[in-house]
Amino acid sequence: MADDLIHAILNDGIINYSYENKFESKNKRPCPLLNLTIADRKSTRKFQFVWYSKYKWITGSQVRNKPYCFYCLLLRGDKTWSHEVMSNMKNFKRKAIKHAISERHLIYQEQFQLLEEQILKEHFLSNSLFKGTSIDVQNDLIACITDVVNTKIRNDLKSAKFVSIQADVTTHVSYKSQMSIILRYVVDKNIEERFIGFFDVSKDKSAVGLSNILLAEITNWNINDKIICQTYDGVAVMAGKQNGVQAIIKKSIQKPYLFTAMPIN
Ligand SMILES: [Zn+2]
């Protein structure tokens, strides 16, 4: 019977089941009605379907017509309830309760609940495709994250009425000069401050060179009409009133109310 999961697992051997297979099976506990007669001292009763509700760990194979412990079966726990066929079905309820409170079963019950985290740990330890050390994979991941963050910023900027731009030039550990650019705006009454990137300015640190990058980013983020303030440090290339970055941006943006803020060095 192809749809008898328990029979299939026992046939294949659980050792051949990957963590992914186990995780897929986690929420598919088979609960077939078994044609079993349970003989206790006082009475003879049939296997009751309601026991699947009472004992969340019990599963069954219709082909084998046997009950098993789903946790112990998937995680190779107590053999009596997972691999070895019970010698007899006498005192079934007493055996079930004894198993349910046994230390071995409780350990596998906990592991079953945490099957997803196990899977993740195993995946990272054994997966040959994703080691997290590949430069290509790392760059792909960074590109994906950047895309998500940038989409969020673009959506915010659409609803923001005004935007302030802030820039500073620093030297990277590799001795490259880079300009960082930050946008500030208000969305839903909250002040947002977003870093939009480092830009290599090693080849041209002139006011014109830096301004070109800033203007390109202002256009890129489609905020030409929203810029009301620019903030830089006080060095001449940035702050120069005639030819500094702030002056060039002012002329280019052509906003009468555009002002410049510069922290005191
Ligand atoms: Zn068990």
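Before reading further, recall that the structure is shown in the block above.
Keep in mind the model is a prediction, meaning the values are calculated, not measured. (Residues numbered from 1 in each chain as written. Predicted model: local features only at pLDDT ≥ 70, side-chain atom pairs only at ≥ 80, totals over all residues. Heavy atoms only, no water.)

J.: I'd like to hear about the sheet that holds strand β7 (residues 190-200), residue by residue, with values.
T.: Here 5 strands make up an open sheet; going across it, the order is β7-β6-β5-β8-β9 and the pairing mixed. At either end of the open sheet lies a strand with only one pairing partner, and these are β7 and β9 (259-261). On average, adjacent strands in this sheet sit at an angle of 25° to one another, irrespective of strand direction. As paired elements, strand β6 (residues 177-187) and β7 share 10 bridges and run antiparallel to each other. Considered in β7, the bridge of R184 is made with E193. In this fold helix α8 (residues 135-159) packs onto β5 (163-171), β6 and β7, with an angle of close to 50° to the strand it touches most, β6. Running at roughly 35° to β6, helix α9 (residues 207-220) makes contact with β5, β6, β7 and β8 (227-231) of the sheet. (Pairing = 2+ DSSP bridges. Helix = DSSP H or I, 4+ residues; strand = E, 2+ residues; numbered from the N terminus. Axes fitted to C-alpha atoms, helices over the stretch in contact; angles between N-to-C directions. Contact = heavy atoms within 4.5 Å.)

J.: Which residues make up the coordination of the zinc ion, and what are the values?
T.: The protein atoms that coordinate the zinc ion are C69 (SG), C72 (SG), H99 (NE2) and H105 (ND1), at distances of 2.1 to 2.2 Å. Because the angles between the 4 donor atoms bound to the zinc ion fall within 91 to 130°, the donor set is best described as tetrahedral. (Donors = N, O, S within 2.8 Å, 3.2 Å for Na, K, Ca; no water. Tetrahedral: all angles 85-135°; square planar, octahedral: opposite > 155°, others 65-115°.)

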